[in-house]
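Chain by chain, the residues run as shown.
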Amino acid sequence: MTILVDHADLLGIEAELKKASKNEKEVGFVVPQRNSFGHAFRDYDAESERQKGVMNFYRKNHSYQTYDFVKRLREEYGKVNRVEMSIWECCELLNDVVDESDPDLDEPQLEHLLQTAEAIRRDYPNEDWLHLTGFIHDLGKVLLHPSFGGLPQWAVVGDTFPVGCRFDSSVVHHEYFKENPDYNNCIYNSKYGIYSEKCGLNNVMMSWGHDDYMYLVAKKNNTTLPSAALFIIRYHSFYALHTAGAYKHFMNDEDVENLKWLHIFNKYDLYSKSKVRVDVEKVKPYYLSLIEKYFPTAKLKW
Ligand SMILES: O[C@H]1[C@H](O)[C@@H](O)[C@H](O)[C@@H](O)[C@H]1O
Ligand SMILES: [Fe+2]
Ligand SMILES: [Fe+2]
């Protein structure tokens, strides 16, 4: 009798679980209201210890990212002649890396990559290129790793912005740009600066960091990922454009198309950040198969 009741109960629970997971599939990814610290996402004014670190980060980032600095680093790291390693080897290095610019997450970066990719995979099961994009979009943070680039945080992470033209007031902690030598340079501080209307984002130099670096790595290793994937990787930290709508005057038609995918991507990049762990070993074979599909060689040049 007892056994029967237990069994019936179990059946009930199972049915509920099935219903819940069906609902989840229908509803798709639900955007959470609070980050893992209990604050609203991307609240750069919240009072907390972490926020103080973030502010300090942006003070340096905005002061030191000049046009000349970016040009030098882009040329140097664009040679991709430092290391040869597979994407998975790079992921393992990211296990030791925490991003000091991020007000929403203090987990190792591999967690963030898997959380982003798995959230996309649930809602867009057929867009395997977008799963891989989610999985590799932040790999450029390897520049922080002591055994690799060893660059300071201000030269790797944080929101990005164009250099060579006026810094828009929608960039987070815009006030720190006053410390940047380019702020008072009349060649660089007008609306268009050294660029022109609709010149295409490809011709606009962005502050140096993990986005542009990973774009260069993917491109120079002849990835077959579509143009939208490369655009996402390259501009995912460009919140002034994709969230505030600034700098649109530089976009060409292809940028306009690609921006639609970046908007989709951003939801998962930002809101999947949580303390819920993904089982790495379980999903590893899937991502390895995507890497093989979209990268012609197993070892990449970094
Ligand atoms: O990965 C980074 C990072 O987490 C930053 O805090 C954020 O500002 C960037 O936009 C993002 O790409
Ligand atoms: Fe990023
Ligand atoms: Fe990210």
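Fair warning: this is a prediction, and the values are worked out from it, not measured in the lab. (Residues numbered from 1 in each chain as written. Chains lettered and ligands numbered in written order. Predicted model: local features only at pLDDT ≥ 70, side-chain atom pairs only at ≥ 80, totals over all residues. Heavy atoms only, no water.)

## Thoughts on the coordination of the iron ion (ligand 2)
Next, step 1: At 2.0 to 2.2 Å from the iron ion (ligand 2) lie its protein donor atoms, namely Asp-138 (OD), His-210 (NE2) and His-236 (NE2).
Next, step 2: Taken in chain order, the donor set of the iron ion (ligand 2) reads D-x71-H-x25-H.
Next, step 3: Between the iron ion (ligand 2) and the iron ion (ligand 3), the interatomic distance is 3.7 Å, and Asp-138 donates to each metal, bridging them. Residue Asp-138 is found in the loop between helix 6 (128–136) and helix 7 (210–220), and its partner His-236 is found in the loop between helix 8 (227–235) and helix 9 (239–242); the two are separated by 98 residues along the sequence. (Donors = N, O, S within 2.8 Å, 3.2 Å for Na, K, Ca; no water. Helix = DSSP H or I, 4+ residues; strand = E, 2+ residues; numbered from the N terminus.)

## What to know about the coordination of the iron ion (ligand 3)
Next, step 1: His-112 (NE2), His-137 (NE2), Asp-138 (OD) and Asp-269 (OD) make up the full set of protein donors to the iron ion (ligand 3), lying at 2.1 to 2.3 Å.
Next, step 2: Geometry at the iron ion (ligand 3) is irregular, judged from the 4 donor atoms that bind it and their angles of 84 to 170° at the metal.
Next, step 3: The sequence pattern formed by the donor residues of the iron ion (ligand 3) is H-x24-H-D-x130-D. (Tetrahedral: all angles 85-135°; square planar, octahedral: opposite > 155°, others 65-115°.)

## Remarks on the environment of Thr-224
Next, step 1: Within the secondary structure layout, Thr-224 lies in the loop between helix 7 and helix 8.
Next, step 2: We classify Thr-224 as exposed; its relative accessible area is 54%.
Next, step 3: Taking the C-alpha atoms as reference points, Thr-224 and Glu-175, separated by 49 residues in sequence, lie 40 Å from one another.
Next, step 4: Setting aside anything within four residues of it in sequence, one finds Thr-224 in contact with Lys-293 and Tyr-294. (Buried < 20%, exposed > 50% of the residue type's maximum accessible area, 1.4 Å probe, protein only. Contact = heavy atoms within 4.5 Å.)

## Here's the deal with the side chain of His-62
Next, step 1: Inspection of the secondary structure puts His-62 in helix 2 (residues 49–64).
Next, step 2: From its side chain, His-62 meets the backbone oxygen of Val-172 in a polar contact 2.8 Å long.
Next, step 3: With residues up to four places along the chain from it excluded, the contact list for His-62 reads Phe-161, Val-171, Val-172, His-173, His-174, Tyr-176, Phe-177 and Asn-180. (Polar contact = N/O pair within 3.5 Å; in protein donor to acceptor, adjacent residues only side chain to side chain.)

## Focus on the site of ligand 1
Next, step 1: Near ligand 1 you find 14 residues, and of these Asp-99, Ser-101, Lys-141, Asp-159 and Ser-237 are the closest.
Next, step 2: Taking His-210, its side chain carries an N or O atom lying 3.4 Å from an oxygen atom of ligand 1.
Next, step 3: Coverage of ligand 1 by the protein amounts to 96% of the 300 Å² it exposes when considered alone.
Next, step 4: Its residues placed into classes, the shell around ligand 1 shows 2 nonpolar, 5 polar and 7 charged. (Near = heavy atom within 4 Å. Areas by Shrake-Rupley, 256 points an atom, 1.4 Å probe, with all protein chains shown as cover. Nonpolar A, V, L, I, M, F, W, Y, C, P; charged D, E, K, R; others polar.)

## Some remarks on the packing of helix 5 (residues 109–123) against helix 11 (residues 280–294)
Next, step 1: It is the contact of helix 5 with helix 11, at a shortest axis distance of 12 Å, that shows an interaxial angle of 65°. The angle between helix 5 and helix 11 falls in the class roughly perpendicular. Every pair of crossing elements has a handedness; the one defined by helix 5 and helix 11 is left-handed. On the side of helix 5, the interface is formed by Leu-114, Ala-117, Glu-118 and Arg-121, while helix 11 contributes Val-280, Val-283, Tyr-286 and Tyr-287.
Next, step 2: Along the lines of polarity and charge, the residues of the contact of helix 5 with helix 11 split into 6 nonpolar, no polar and 2 charged. (Axes fitted to C-alpha atoms, helices over the stretch in contact; angles between N-to-C directions. Parallel < 35°, antiparallel > 145°, perpendicular 65-115°, else oblique. Left-handed = near helix turned anticlockwise from the far one by under 90°.)

## Considering the packing of aromatic side chains
Next, step 1: Applying the stated criterion across every chain, the model contains 25 aromatic pairs.
Next, step 2: Between Phe-161 and Phe-167 the ring centres are 5.8 Å apart and the planes differ by 85°, which places this aromatic pair in the edge-to-face class.
Next, step 3: Among the residues examined, Phe-161 registers a relative accessible area of 0% and is labelled buried.
Next, step 4: The cationic tip of Arg-42 hangs over the ring face of Tyr-239; the distance from NZ or CZ to the ring centre is 3.4 Å. (Phe/Tyr/Trp six-rings, centres within 6.5 Å; stacked < 30°, edge-to-face > 60°. Lys NZ or Arg CZ within 6 Å of the ring centre and 35° of its normal.)

## Here's the deal with the UniProt feature "binding site: Fe cation" (unreviewed entry) in the protein chain
Next, step 1: Cross-referencing UniProt, the feature "binding site: Fe cation" (unreviewed entry) maps to His-112, His-137, Asp-138, His-210, His-236 and Asp-269 in the present numbering. Look at the named residues: they lie 158 residues apart in sequence, but the longest C-alpha span between them is just 14.5 Å, so in the fold they bunch up.
Next, step 2: With a relative accessible area of 3%, His-236 lands in the buried category.
Next, step 3: Those residues in contact with His-236, other than ones at most four positions away along the chain, are His-137, Asp-138, His-210, Asp-211, His-242, Leu-262, Phe-265 and Asp-269.
Next, step 4: Separated by 2.9 Å, the side chains of His-236 and Asp-138 make a polar contact.
Next, step 5: Within the fold, Asp-269 resides in helix 10 (residues 253–271). (UniProt positions renumbered as here; feature names shortened; annotations may be inferred.)

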